[in-house]
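# An overview of the molecular structure
Letter by letter, the chains look like this.
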Amino acid sequence: VSKVLQKSDQPATQAKPVEEPTGARLPFAGLGTSPAAVRQPKGPPVLLAYSPDRNPDVFKVDGVDRVLPILRTVRCRAGTNGITRRKNGDFDLSGLEDNLRESGWKLIDPTRYNVAHEGGWRPVWSTVRADGRVVESPAKYAAFVASLVDDGTLPPPSEAGIERQAEHLRAVATHPKMVDRPRDREKAEARVRLLDAALDAAGAA
Amino acid sequence: VAAITFSDVLTDQRVSEILNAEWLRLAKDPNALPNHPAIRYAKDFAGAGTLTLKIPAVGFMGYDLPDQIAEGADVPDSTITDSQVTLTVARYSKAYSPTDVVKYTDSLGIFNAASFAQDAMQSHVLKLTDLIANVVDGFNATAGTTTQNLSIATVAGAIATLEANAHQSIPVGMALGLLHPDQWGDFRTDLISNAGGALQYHVPAEKLRVMGLGYAGEFLGIDWIVSDYVPTANAGADRAGAIWLPGAVLWGDMSQYADSADSVVLGNKILFERDRNARGATTSFISHSYLGATLGIDSSALSHRLGITLISDLN
């Protein structure tokens, strides 16, 4: 139980961003970014969005289980989710922002988690291998999401959301046939315990 | 796009031991999403004057019910509940430029206009599948948990949540479930163990013809499609498939027309063109389509959501 992290419980374990963005301009229009030109990126930037209505989940951050929001990854593709591409190569996100707002999402400032990489972009939770391949790290990603909660960019998961996810996983863990899948059952049970503890901690706070 | 030169194919496709009338298609998911009520065609942008349109969602046909009014009292005006979705389309294109040498020495019979036209047709249809798969990971509601295999218990919970959020039970044949092969494999394994071998996997041939080879059958009232285009989630830790009802996913395209002798429109939507570079002795085969997809009704404000994202282990 003591390993359940809420911001108010364990400030000493606050996660830090895994890599500092370079501050280079992203090829977006409609977000008030600087006019410096970046044309036709090789790898488009990634976008993250947060919704208070989405259930949180349990992620491991620096070896400690934490209850964190499940963010939405919006891939920068013209023609999807209201995104368009301007003639100069910039992505126009105004339609995306309309759609996100209409369905309760908030776009998280993309300058915080995209770094320039070989004429394109890569997320700060990725690493570049010796062969040049960019590989995302789920552990670094979880640390990054934790840092967004710790620095106040995102609110900690709501009691209602934690309760919904705990209820969902409780139904999974107690399904009669989960006895045939001990590893998955134990994982679900452990997460239910962590979510319940987080719920208690949130209630106590 | 660089031309396809003879030197490109000389060392790997034209060596004598593999000169053969047969060729193998590289193994990537060739199955597009089928026509299905859950995938709502919203707009042909031809003549629309724009590539961006707002699609209204209106609470008509019984969304808001009548109020009881006292005898002799005036009935106040009812407010129409509404929402809106922004749908955009963008140009998607590809071009192949074989040299004359490649075409004339072609022993496989594939470096020709007919093959490139077939490739264009399938590529653009699969692009739409790719676009739709990459929006349905964004529903507000989720089921499953990170790094855990998809199970029948998770899917049962997802359906219950979807029914509650959509304020309706799922009519058989109206909901579509889209899973990555990783997810489907775990789900199927769990189904087999739950059914004790009693459940047989047999999709009738006539349904396969309608739904395509990605169709994995109907189960729990949902038509299941398995696609490699389902994206990752949580930075590659998971896959994010989905289940959704009509109105949750919208897509649009644009009809095109050919206005030159070397152009032809495939299926009204794909412009396929031939462009001869006489000096370089290359012929380009170019195709364009205009496609777009977005989430439809997934409103927190109205508490009305028609889709749910399924998070499970990537394997």
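The paragraphs below set out a description of the structure included in this document. In this text the structure is predicted, and so the values were computed from the model without any measurement.

The next point concerns the overall build of chain A. On a plain count of helices and strands, chain A comes out with 4 helices and 12 strands. Out of the 205 residues in chain A, the part that is buried amounts to 50%. The long-range share in chain A, meaning contacts at least 24 apart out of those at least 6 apart in sequence, stands at 63%. Here chain A displays about 9300 Å² of accessible surface, and carbon together with sulfur accounts for 51% of that area.

Taken together, the contact pairs 44 residues of chain A with 52 residues of chain B. Carbon and sulfur atoms make up 43% of the surface buried where chain A meets chain B, a total of about 3700 Å² over both sides. Ranking the residues of chain A by area buried against chain B places R75(A), E102(A) and R181(A) at the top, with a combined share of 15%. One can count 5 salt bridges joining chain A with chain B. Of the charged contacts in the structure, one is a salt bridge between R75(A) and D137(B), with a shortest N-O distance of 2.7 Å. Scanning the region where chain A abuts chain B turns up 28 residue pairs in polar contact (both at pLDDT 80 or more). Ranked by residues supplied to the side of chain A that touches chain B, first place goes to helix α3 (residues 159-173) of chain A with 5 residues. In the side of chain A that touches chain B, the residues fall into 14 nonpolar, 16 polar and 14 charged.

In this structure, I132(B), V136(B), F187(B), W224(B), I243(B) and W244(B) are the most contacted members of the largest nonpolar core, which totals 53 residues. Among the elements that make up this core, the one with the highest residue count is helix α4 (residues 152-166) of chain B (6 residues). Once residues within four sequence positions are removed from consideration, W244(B) is found in contact with A38(B), I39(B), I132(B), V136(B), F139(B), M174(B), A175(B), L176(B), L178(B), V249(B), L306(B) and G307(B). Among the nonpolar cores identified, the runner-up in size contains 37 residues, and I70(A), W121(A), A146(A) and V149(A) belong to it.

Rules behind the numbers
Residues numbered from 1 in each chain as written. Chains lettered and ligands numbered in written order. Predicted model: local features only at pLDDT ≥ 70, side-chain atom pairs only at ≥ 80, totals over all residues. Heavy atoms only, no water. Helix = DSSP H or I, 4+ residues; strand = E, 2+ residues; numbered from the N terminus. Buried < 20%, exposed > 50% of the residue type's maximum accessible area, 1.4 Å probe, protein only. Contact = heavy atoms within 4.5 Å. Areas by Shrake-Rupley, 256 points an atom, 1.4 Å probe, with all protein chains shown as cover. Buried area = accessible area lost by both parts, 1.4 Å probe. Salt bridge = Lys/Arg side-chain N within 4 Å of Asp/Glu carboxyl O. Polar contact = N/O pair within 3.5 Å; in protein donor to acceptor, adjacent residues only side chain to side chain. Nonpolar A, V, L, I, M, F, W, Y, C, P; charged D, E, K, R; others polar. Core = buried A, V, L, I, M, F, W, Y, C linked by side-chain atoms within 4.5 Å.

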